[in-house]
Amino acid sequence: MDFHGIWIGLFAFFVINFFQPIVIKIEYYFTSKVWPIFLVSGIIFFLLSIFIGNITTSSFFGILSFTCFWSIKELKEQKIHVKRGWFPKNPKKVRE
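What you see is a predicted model; the values in this text were computed from it and never measured.

The rules behind each value
- For every chain, the first residue of its written sequence is number 1, and the numbers climb from 1 along that sequence.
- A pLDDT threshold of at least 70 governs which residues receive local features in this predicted model, and a stricter bar of 80 or more applies before side-chain atom pairs are shown or counted, although totals over entire chains, interfaces and linings include all residues.
- In computing side-chain values, all of the structure's heavy atoms are included and hydrogens and water are not.
- To qualify as a helix, a DSSP run of H or I must reach at least 4 residues; to qualify as a strand, a run of E must reach at least 2; elements of each kind are numbered from the N terminus.
- A radius of gyration in this sense is built from C-alpha atoms; the matching globule rule multiplies 2.2 Å by the number of residues raised to 0.38.
- Burial classes: relative accessible area under 20% of the type maximum marks a residue as buried, over 50% as exposed, and values in between as partly exposed (1.4 Å probe, protein chains only).
- Using a 1.4 Å probe, accessible areas were evaluated by the Shrake-Rupley method; residue-level cover was limited to the displayed protein chains.
- We count Lys and Arg on the positive side and Asp and Glu on the negative side, and we leave His and both chain ends out.
- Charge coordinates come from a single atom per side chain, which is NZ of Lys, CZ of Arg, CG of Asp or CD of Glu.
- We place a 1 Å grid over just the protein atoms. Points where a 1.4 Å probe fits but has no way out form a cavity, open points with protein on both sides within 12 Å along at least 5 of 7 lines form a pocket, and any residue with an atom within 4 Å of a point lines it.
- Grid points are joined across faces, edges and corners, and a volume is the space filled by probe spheres set on the points.
- Three categories are distinguished: nonpolar for Ala, Val, Leu, Ile, Met, Phe, Trp, Tyr, Cys and Pro, charged for Asp, Glu, Lys and Arg, and polar for the others, with Gly belonging to the last.
- Helix axes use the C-alpha atoms of the stretch in contact, all axes being lines fitted to C-alpha atoms, and the angles between their N-to-C directions lie in the range 0 to 180 degrees.
- Working rule for angles: under 35 degrees goes down as roughly parallel, over 145 as roughly antiparallel, 65 to 115 as roughly perpendicular, anything else as oblique.
- Helix crossings get a hand from a simple test, with the near helix turned counterclockwise from the far one by less than a right angle marking a left-handed crossing and a clockwise turn marking a right-handed one.
- Contacts were defined at the residue level, with two residues in contact if any of their heavy atoms lie within 4.5 Å.

S.K.: Let's hear about the overall build of the protein chain: which residues, and what values?
M.R.: A tally of regular secondary structure across the protein chain gives 3 helices and 0 strands. N-terminal to C-terminal, the α/β element order of the protein chain is α-α-α. Relative to the compact-globule value of 12 Å for 96 residues, the protein chain shows a C-alpha radius of gyration of 16 Å, a clear excess of over 25%. Along the three orthogonal principal directions, the C-alpha set of the protein chain runs to about 50 × 25 × 15 Å. Of all 96 residues assigned to the protein chain, the portion counted as buried reaches 28%. On the protein chain, roughly 6,800 Å² of surface is accessible, and the fraction owed to carbon and sulfur atoms is 73%. One way to put it: in the protein chain the 11 positive side-chain charges average out to a point 13 Å from where the 5 negative ones average out.

S.K.: Summarise the layout of surface pockets; cite the residues concerned and give the values.
M.R.: Its volume calculated, the largest pocket comes out at about 200 Å³. Every residue along the wall of the largest pocket is listed here: Ile16, Phe19, Gln20, Val23, Ile24, Thr67, Trp70, Ser71, Glu74, Gln78, His81 and Phe87. Residue composition of the lining of the largest pocket, grouped by class: 6 nonpolar, 5 polar and 1 charged.

S.K.: Before we move on, can you summarise the packing of helix α2 (residues 35–51) against helix α3 (residues 55–84) with the specific residues and values?
M.R.: Between α2 and α3, whose axes approach to 8 Å, the crossing angle comes to 160 degrees. One way to sum up the angle between α2 and α3 is to call them roughly antiparallel. Here α2 runs over α3; the crossing is left-handed. Across the interface between the two elements, Trp35, Phe38, Leu39, Ser41, Gly42, Ile43, Phe45, Phe46, Leu48 and Ser49 of α2 pack against Ser58, Phe61, Gly62, Leu64, Ser65, Phe66, Cys68, Phe69, Ser71, Ile72, Leu75 and Lys76 of α3. Across the contact of α2 with α3, the residue classes break down as 14 nonpolar, 7 polar and 1 charged.

The following block contains the structure:
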């Protein structure tokens, strides 16, 4: 029996659930101007995933990479969610 697929799926599940509150907190404290951090992180994880020979580890970095790229989109959408009142806005931060 091979459990690599199960481990990869479990890792994806936890990474996605870990990044969701991070995106919300980052937008709250720093606005969506920090999206380049996710871009650079995504590129680094992408390159790591390409150059690592182990399929499971490579998959983990690939999942991290595309979760970072997806977080850029979610960060921009979070700004809209705050405007709609779905999430609180930080009164100390000046909005874009």
